[in-house]
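So you can see what is in the structure, the chains are spelled out below.
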Amino acid sequence: MAKILIIEDEKQMADFISLELKHEGYEVDICYNGEQGYENAINTNYDIILLDIMLPKINGMEVCWRLRIKKHTPIIMLTAKGDITDKVNGLDIGADDYLTKPFEIEELLARMRVILRRKS
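Residues numbered from 1 in each chain as written. Predicted model: local features only at pLDDT ≥ 70, side-chain atom pairs only at ≥ 80, totals over all residues. Heavy atoms only, no water.

### Quick look at the overall build of the protein chain
Our working rule: Think of it this way: any DSSP run of H or I at least four residues long counts as a helix, any run of E at least two long counts as a strand, and we number them from the N terminus. All radius of gyration figures rest on C-alpha atoms, and the globule criterion is 2.2 Å times the number of residues raised to 0.38. In this analysis, two residues are considered to be in contact whenever any of their non-hydrogen atoms come within 4.5 Å of each other. All accessible areas in this document rest on Shrake-Rupley with a 1.4 Å probe, and a residue is counted as covered only by the protein chains that are shown. Just so you know, the count uses Lys and Arg for positive and Asp and Glu for negative, and it drops His and the chain ends. Charge positions are represented by NZ for Lys, CZ for Arg, CG for Asp and CD for Glu.
When you go through the protein chain residue by residue, the secondary structure sums to five helices and five strands. Counted from the first residue to the last, the protein chain has its helices and strands arranged as β-α-β-α-β-α-β-α-β-α. In terms of C-alpha radius of gyration, the protein chain reaches 13 Å, essentially the compact-globule figure of 14 Å for 120 residues. Overall, the C-alpha framework of the protein chain stretches about 30 × 30 × 30 Å when taken along its three principal axes. Taking all contacts inside the protein chain whose residues are at least 6 apart in sequence as the whole, residues at least 24 apart take part in 63%. When the accessible surface of the protein chain is summed, it comes to about 6,300 Å², and 48% of that surface belongs to carbon and sulfur atoms. Of the side chains in the protein chain, 16 bear a positive and 21 a negative charge, and the two mean positions are spaced by 5 Å.

The following block contains the structure:
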């Protein structure tokens, strides 16, 4: 069973994603701010991190950059920031994929399966 970390400050969005992932058989942890998310990501081995950009305490870009210094856990950014500049910046600092909100859960699941296939 793959272990997923969701770092998302919108509780309703985080809970929805978590519920869908658990239904698919994933083990899920949720953090609602960047600081807590970074600490969990550093101290726990996750298979994938789902990371929002606009987070309290530490924004998602900073979290991604800091994580890349210490770990290589795959990161999918899930964010409302859909400008090409935001996408390029997210991928350049270390995100493995970038999905703009709103998104279909089936697409997220497919992108996660691609990453997990590459890992195994």
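Still more to cover.
### Considerations on helix α5 (residues 105-119)
The test is simple: A helix is expected to span 1.5 Å for every residue after the first. Think of it in three bands: residues with accessible area under 20% of the maximum for their type are buried, residues over 50% are exposed, and the middle band is partly exposed, with areas taken using a 1.4 Å probe on protein chains only. By definition, the arc is the one covered by directions from the helix axis to the C-beta atoms.
A rise of 1.5 Å per residue sets the reference length of α5, with its 15 residues, at 21 Å; its end C-alpha atoms lie 21 Å apart and thus fit the reference within 8%. What α5 keeps buried is the set I105, L108, L109, M112 and I115. In a view along the axis of α5, the buried residues occupy a sector of 125°, so they form one face of it. α5 presents E106, R117 and R118 as exposed residues on the side facing more than 90 degrees away from its buried surface. As for α5, its buried residues are in contact with β1 (3-7), α1 (11-23), β3 (48-51), β4 (75-79) and β5 (97-100).

### Concerning the pairing of strand β2 (residues 27-31)
Put simply, the rule is: One requirement defines pairing of two strands: DSSP has to find at least two bridges between them. Look down the strands so they point away from you; if going from the first strand over the helix to the second traces a clockwise path, that crossover is right-handed.
Where β1 lies against β2, five bridges are found, and the strand directions are parallel. Across the sheet, residue I6 finds its bridge partner in β2, namely I30. On the question of chirality, the crossover connecting β1 to the parallel β2 by way of α1 is right-handed.

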